[in-house]
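For reference, the chains in residue letters:
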Amino acid sequence: MRTSQILIPTLREDPGEAETVSHRLMLRAGMIRKVAAGIYTYLPLGLRVIRKIEQIVREEMNRAGAQELLMPIASPAELWRETGRWDYYGKELFRFKDRHDRDFCLGPTHEEVITDLFRREVRSYRQLPLNFYQIQTKFRDEIRPRFGLMRGREFIMKDAYSFDADEAGARISYQKMYDAYNRIFSRCGLTFRPVEADTGLIGGSSSHEFMVLADTGEETVVYSETGSYAANVERAEVAAPTDVDQSPMRSISEVRTPDRRTVEAVTEFLKISPRRLVKTLLYTTDHKDVAVLVRGDHEVNEIKVKRMLNATDLVLAGPEKVQALTGAPVGFAGPVGLKGIAILADQAVKHMRNVVVGANKADTHFVDANIDRDFSVDHFGDLRNAKEGDLSPRGDGTLRVAKGIEVGHVFMLGTKYSQAMSATFLDAQGREQQAVMGCYGIGIGRTAASSIEQNHDAKGIIWPLPIAPFHVHLIPLGQSQQVLELAGRLYESLGAAGIEVLWDDRDERAGVKFNDADLIGAPLHLVIGDKGLAQGVVELKARKTGQTTRLAPNEAVAAIGEVLGFVPQPSS
RNA sequence: CGGGGCGUAGCGCAGCCCGGUAGCGCACCGCGUUCGGGACGCGGGAGUCGGAGGUUCAAAUCCUCUCGCCCCGACCA
């Protein structure tokens, strides 16, 4: 491709709207342009990268035995009402009505549509297992789209759905996808890690997320330093506490803590460690209020609380609510004397003695409060976030914390959708059985963005070869006859050898061309200039290392083919 | 949705406090010089100052409403 025939509007300056590296570089390299918040046009260069990733995904899906199909973007509300997700999905679902006033949505995911296909078309266990996938545009009206392709409201996703006759089969299907995902992200040149994850809105019994490790990631991953445990912090289990405080109970007393509302302020004021304090957080769920107790240096994990309560909704109580429940302003809530409300506590609280808690009275705390004597707890459980230094729940060392970008997610769905939608088949005994499902997603654009987060320098992008928009950036310098002629010849023969070349045929100064080439990030740059030709050489530069090799022009194609791992075709 | 910020030429911004000619850099067009890491000279085109209302002799600037966008928190590929 010649630059005169492909629109690559590179930007010299950073666009003001972009914060993260990948967003900035994608805009600057002329890969994407914003149309509305979270909605982008993929320009030719960006689309080439997207297509490369899609192709890798396609190859690995096919290899894993999945079959490609394509479902519609628009789907009728009836299907979503069958599973209850028309309501449950909430504002994130882009909804619209047709001319007959019938409800539709733009698909955010396709469990309903694929399950509908399955129940209509599949009858027998002999047809199983099945796995269908598609690469398609999805719509989610995200609360806050951000970081370019990282979190769009319209985005390209590969989604796959497996159907098995039983749990054992489903586990095999799941494992195949898990393995395929590992291959896909490896082939894309990413440093990533599969982690145990929460299932969120999709539902199901268990899942793994594939996390690209990057400081700009929105997810928090905890992993055992020495072992194999890794999980999203939303999901990460906390090992049962081993430190049991055996000290004798002292008698409870009230202390004045004027205007000390936070753990930090109270513990500083009383000159105690946050580990001696129990903080009380008040929440409102679907139908009731609850208090959640955690140690002062711990954080409540709301997902775990939701799970314990079997609630779909959980919001921290506002100031009026807190006042109503405790009779005190925010900052002084405590379990002692707290009436008419369920009290949950993290397991670590169980073994604490002589703790500091709010007194449900303005500017007052209790010290030396004790469980069972001064207050009671209705349920204990693992309700906090794992944190750096915790013991691994698998007993393999201590936990560390890192940031990650979720590029893929695999779920064991079980029969959640097949049950809701009566997706059944007949087993060998002729009995009707519900299909056991799995679903598997990859964010294609997010994968591209993640790759940039991991592969860039101050000058621009450094694409891994398999997803680079072009293999070689051909950079002729000046307009001399010999340079132009050689550029044309090399362009032809590289193309004939199956090598993808971007030929900068603009009449620009060397600096402009070099800077654009560095920004765009093809793995190899081939520079042709009068200076080199005077010595009979062209220069091949590796974008990543900056290392330059001088080559005779007639060796260039073979040398490049070798570096790229191609078997060069004889050029005509 | 809560908190913070921004909308002025294609891009990046100044001007706004203290009302009075709409400006700078880059990009773009023409001519010339230049040409191995973002050249220079001369000439030029381009802006409903996000939108609507109001105050005023006069509004980019003050007031009200509104729309859009970005950043920080609760959702997810």
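These numbers come from a predicted model, not from an experiment. (Residues numbered from 1 in each chain as written. Chains lettered and ligands numbered in written order. Predicted model: local features only at pLDDT ≥ 70, side-chain atom pairs only at ≥ 80, totals over all residues. Heavy atoms only, no water.)

A. Up close: the overall build of chain A. Helices and strands together make up the secondary structure of chain A, namely 16 helices and 31 strands. Based on the C-alpha atoms only, the size of chain A along its principal axes is roughly 95 × 65 × 50 Å. Taking as baseline every contact in chain A between residues at least 6 positions apart, the subset at least 24 positions apart corresponds to 69%. In the form shown here, chain A has an accessible surface area of approximately 25,800 Å², with 49% of it arising from carbon and sulfur atoms. Taken together, the 72 basic and 77 acidic charged side chains of chain A have centroids lying 1 Å from each other. (Helix = DSSP H or I, 4+ residues; strand = E, 2+ residues; numbered from the N terminus. Contact = heavy atoms within 4.5 Å. Areas by Shrake-Rupley, 256 points an atom, 1.4 Å probe, with all protein chains shown as cover. Lys, Arg positive; Asp, Glu negative; His and termini not counted. Charge placed at Lys NZ, Arg CZ, Asp CG, Glu CD.)

B. A look at the environment of histidine 23. Secondary-structure assignment places histidine 23 in helix α1 (residues 21-28). Assessed through its relative accessible area of 5%, histidine 23 is described here as buried. Separated by 150 residues in the primary sequence, histidine 23 and serine 173 place their C-alpha atoms 35 Å from one another. Ignoring sequence-local partners within four residues, the contact set of histidine 23 consists of Glu17, Ala18, Ile32, Tyr40, Phe147 and Gly148. A distance of 3.4 Å separates a polar side-chain atom of histidine 23 from the backbone nitrogen of glycine 148. (Buried < 20%, exposed > 50% of the residue type's maximum accessible area, 1.4 Å probe, protein only. Polar contact = N/O pair within 3.5 Å; in protein donor to acceptor, adjacent residues only side chain to side chain.)

C. Looking closely at helix α14 (residues 510-520). What α14 keeps buried is the set Lys513, Asp516, Ala517, Asp518, Leu519 and Ile520. Just downstream of α14, glycine 521 is the residue with a positive phi angle, here 80 degrees.

D. Structural view of the sheet that holds strand β28 (residues 501-503). Across the sheet, which stays open at both edges, the five strands sit in the order β28-β27-β29-β30-β31 with mixed pairing between neighbours. The open sheet is flanked by β28 and β31 (548-551), the only strands paired with a single partner. Strand after strand, the sheet turns through a mean of 20 degrees between neighbouring axes, direction not considered. Where strand β30 (residues 538-542) meets β31, four bridges bridge the pair, whose relative direction is antiparallel. Bridge pairing links glutamate 539 to arginine 550 in β31. Of the strands in this sheet, β27 (472-476), β28, β29 (524-528) and β30 touch α14, which is tilted by about 175 degrees from β27. On the sheet, helix α16 (residues 556-564) packs against β27, β29, β30 and β31 and is oriented at approximately 165 degrees with respect to β29. (Pairing = 2+ DSSP bridges. Axes fitted to C-alpha atoms, helices over the stretch in contact; angles between N-to-C directions.)

E. Main features of the packing of helix α13 (residues 481-496) against α16. Their axes nearest at 10 Å, the elements α13 and α16 cross at an angle of 40 degrees. As the angle between them shows, α13 and α16 are arranged oblique. Our pair here, α13 against α16, has a crossing hand that is right-handed. Contacts from Leu490, Ser493 and Leu494 in α13 reach Ala556, Val557 and Ile560 in α16. The class makeup of the residues in the contact of α13 with α16 is five nonpolar, one polar and no charged. (Parallel < 35°, antiparallel > 145°, perpendicular 65-115°, else oblique. Left-handed = near helix turned anticlockwise from the far one by under 90°. Nonpolar A, V, L, I, M, F, W, Y, C, P; charged D, E, K, R; others polar.)

F. Fine view of the nonpolar core. Met31, Met61, Tyr181, Ile184 and Phe185 are the most contacted members of the largest nonpolar core, which has 57 residues in total. Residues in contact with isoleucine 184, not counting those within four places in the same chain, are Ile56, Val57, Glu60, Met61 and Ile442. One finds Trp86, Phe132, Tyr417 and Cys439 within the second-largest nonpolar core, a separate group that totals 26 residues. (Core = buried A, V, L, I, M, F, W, Y, C linked by side-chain atoms within 4.5 Å.)

G. Representation of the packing of aromatic side chains within the structure. Across all of its chains, the model carries 13 aromatic pairs by this definition. Relative to phenylalanine 210, the ring of tyrosine 181 has its centre 5.3 Å away and its plane inclined at 55 degrees; by these criteria the two rings are tilted. Placement of the pair is tyrosine 181 in helix α6 (residues 167-187) and phenylalanine 210 in strand β10 (residues 206-213), with a sequence separation of 29 residues. Judged by its relative accessible area of 0%, phenylalanine 210 is buried. A centroid spacing of 5.0 Å and a plane angle of 45 degrees characterise the contact between tyrosine 491 and tryptophan 503, whose relative ring orientation is tilted. With tyrosine 491 in helix α13 and tryptophan 503 in strand β28, the pair connects residues that are 12 residues apart, well separated along the chain. Of the residues examined, tryptophan 503 reaches a relative accessible area of 9% and is grouped as buried. One aromatic cluster is present, formed by Tyr178, Tyr181, Phe185, Phe192 and Phe210 through successive ring pairs. The residue whose ring lies beneath arginine 48 is phenylalanine 470, and the NZ or CZ to ring-centre distance is 3.9 Å. Against the face of tryptophan 86 rests arginine 95, its NZ or CZ located 4.6 Å from the ring centre. (Phe/Tyr/Trp six-rings, centres within 6.5 Å; stacked < 30°, edge-to-face > 60°. Lys NZ or Arg CZ within 6 Å of the ring centre and 35° of its normal.)

These figures come from the coordinates and say nothing about function on their own.
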